[in-house]
Amino acid sequence: MKITTKGRYGLTITLELAKRIGDGPISLRSIAQDKNLSEHYLEQLIGPLRNAGIVKSIRGAHGGYILNGDPEKITAGDIIRTLEGPIVLVESMEDEEAAQRELWTRMRNAVRDVLDQTTLADLLKHSTDSELSDGYMFYI
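Presented here is an overview of the structure given in this document. The structure presented is a predicted model; accordingly, all values stated were derived computationally and were not measured.

### Examining unusual backbone geometry
(1) Moving on: Non-glycine residue N36 carries a positive phi angle of around 55°.
(2) Moving on: Along the chain, N36 falls in the loop between α2 (28-35) and α3 (39-51).

### Observations concerning the pairing of strand β2 (residues 64-67)
(1) Moving on: As defined by bridge partners, strand β1 (residues 55-58) adjoins β2 across four bridges and the pair is classed as antiparallel. Its bridge partner being in β2, S57 is matched across the sheet by Y65.
(2) Moving on: Between the end of β1 and the start of β2, which pair antiparallel, lie five residues, with G60 showing a positive phi angle near 115°.

### Considering the pattern of salt bridges
(1) Moving on: Overall, the coordinates contain seven salt bridges when judged by the stated rule.
(2) Moving on: With a closest N to O distance of 3.1 Å, K19 and E16 form a salt bridge. Here E16 and K19 lie together in helix α1 (residues 5-19), a separation of three residues that amounts to about one turn.
(3) Moving on: The shortest N-O distance in the salt bridge between E16 and K35 comes to 3.3 Å. You can see E16 sitting in helix α1 and its partner K35 sitting in helix α2, a full 19 residues away along the chain.

### Quick look at the packing of α1 against α3
(1) Moving on: Where α1 meets α3, the axes come as close as 10 Å, and the angle between the chain directions of the two elements is 80°. It follows from the interaxial angle that α1 and α3 lie roughly perpendicular. Within the contact between the two elements, α1 uses T5, K6, Y9, G10, I13 and T14 and α3 uses Y41, L42, L45, I46 and L49.
(2) Moving on: Of the residues assigned to the contact of α1 with α3, the class counts are seven nonpolar, three polar and one charged.

### Some words on α3
(1) Moving on: With 13 residues, α3 should reach 18 Å at 1.5 Å per residue; the first-to-last C-alpha distance of 19 Å fits that figure.
(2) Moving on: Where α3 is buried, its residues touch α1, α2, β1, β2 and α4 (76-84).

The rules behind the values
- Residues numbered from 1 in each chain as written.
- Predicted model: local features only at pLDDT ≥ 70, side-chain atom pairs only at ≥ 80, totals over all residues.
- Heavy atoms only, no water.
- Helix = DSSP H or I, 4+ residues; strand = E, 2+ residues; numbered from the N terminus.
- Pairing = 2+ DSSP bridges.
- Salt bridge = Lys/Arg side-chain N within 4 Å of Asp/Glu carboxyl O.
- Axes fitted to C-alpha atoms, helices over the stretch in contact; angles between N-to-C directions.
- Parallel < 35°, antiparallel > 145°, perpendicular 65-115°, else oblique.
- Contact = heavy atoms within 4.5 Å.
- Nonpolar A, V, L, I, M, F, W, Y, C, P; charged D, E, K, R; others polar.
- Expected span 1.5 Å × (residues − 1).

The following block contains the structure:
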C-alpha cells in the first residue's frame, strides 16, 4: 500500500484544523502558506473530507474550515480511506497459495488497525511532544 500526497496532505489539513480548534474557521490559504503546499491542491482534497463529514465549511468573509468532530474520535483511517479508498496491499489474492493469502490478509489488517487506532488527538500529542523535545540542548 502506498499513501499518496492525497492522504498525506489530508492528514496535514485535518491536523492543522485540530490544532486550531476554538480559533474559528481556518482558510486553506493559511494552511497552504504555513506548510508550503499548493492551495489549489488542498482545495481538491477538502471536498471529499467535507462530504465525509470530517470537516465543515463556514461561509462568509471570515469563513474557512473547521474540524467537524472531536479529534479523539477522528482516526487516520477515516482520513486515508476518504482520500485514498479502501486499504488494499495486494490486488488479487485468489490465485495465490493459502499461506500467501494469509500473509497479505494479516499485513492488511495490521495496517488497518494502526490507522484505525490512531486518532488526530494521538498525532497532535506526538507532534507537541516532539516539538518540546526538539527544544532541549545538551552539553557535554
